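Descriptive analysis of the structure
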Amino acid sequence: MCKCRKSKKSCKCGCKVLKILGKIFAILAAIYAVLFAVFFFDLDGKVIYHVVEPFLCKHYDKMERRNPLDVPYDTTTGVR
């Protein structure tokens, strides 16, 4: 056992390093759990479907489109 754990003096044996590594590991584990939940429940697809798609539909539905039925028969390029 480490001397610093018994006497609670400043740590010279690497306990601080282990504490820092433990915190980093805990943060990475939390990030992994969040990402697992996002992809397991397909939350990224649901956000795209409910948030991004209505915005894109609204944007592209407003665009004017060329009507191919208005093009005369004698032209093959479709340009007036």
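Residues numbered from 1 in each chain as written. Predicted model: local features only at pLDDT ≥ 70, side-chain atom pairs only at ≥ 80, totals over all residues. Heavy atoms only, no water.

Considerations on the overall build of the chain
The line we're drawing: Each helix is a run of DSSP H or I of at least 4 residues and each strand a run of E of at least 2, with the numbering of both proceeding from the N terminus. Categorising residues by exposure relies on relative accessible area from a 1.4 Å probe, with only protein chains included: less than 20% of the type maximum marks a residue as buried, more than 50% marks it as exposed, and the intermediate range marks it as partly exposed. Every accessible area reported is derived by Shrake-Rupley at a probe size of 1.4 Å, with residue values counting cover from the shown protein chains alone.
Helix and strand counts for the chain come out as three helices and zero strands. Secondary structure elements in the chain, listed N-terminal to C-terminal, are α-α-α. Taking all 80 residues of the chain together, the buried fraction comes to 8%. Of the roughly 8100 Å² of accessible surface on the chain, 67% is carried by carbon and sulfur atoms.

With respect to the packing of aromatic side chains
Quick note on the threshold: Two rings from Phe, Tyr or Trp (for Trp, the six-membered ring) form a pair when their centres sit within 6.5 Å of each other. Planes less than 30 degrees apart are called stacked, planes more than 60 degrees apart edge-to-face, and all others tilted.
Following the criterion strictly, the structure yields two aromatic pairs and no others. Ring centres of F36 and F40 lie 5.5 Å apart, and the angle between their planes is 20 degrees; this geometry places the pair in the stacked category. Highlighted residues: F36 and F40, both in helix 2 (residues 15-40), separated by four residues, approximately one helical turn. Given a relative accessible area of 49%, F36 falls into the partly exposed group. Assessed through its relative accessible area of 56%, F40 is described here as exposed.

Let's talk about a nonpolar patch on the surface
How we decide: For patch detection, residues must exceed 30% relative accessible area and be free of salt bridges, and they are connected within 9 Å for like charges or within 5 Å for nonpolar side chains (Val, Leu, Ile, Met, Phe, Trp, Tyr). Any carboxyl oxygen of Asp or Glu within 4 Å of a side-chain nitrogen of Lys or Arg constitutes a salt bridge here.
On the surface, a cluster of nonpolar side chains totalling about 1000 Å² of accessible area is made up of V17, L18, I20, L21, I24, I27, L28, I31, L35 and F39. Mapped onto the elements of the fold, L21 is located in helix 2.

Observations concerning the confidence of the model for the chain
Inclusion rule: The predictor's confidence in any single residue is recorded as pLDDT, a number from 0 to 100.
Across the chain, pLDDT averages 84, with 75% of residues at or above 70. Across the chain, helix 2 holds the top mean pLDDT of 96, while helix 1 (residues 3-7) sits lowest at 59.

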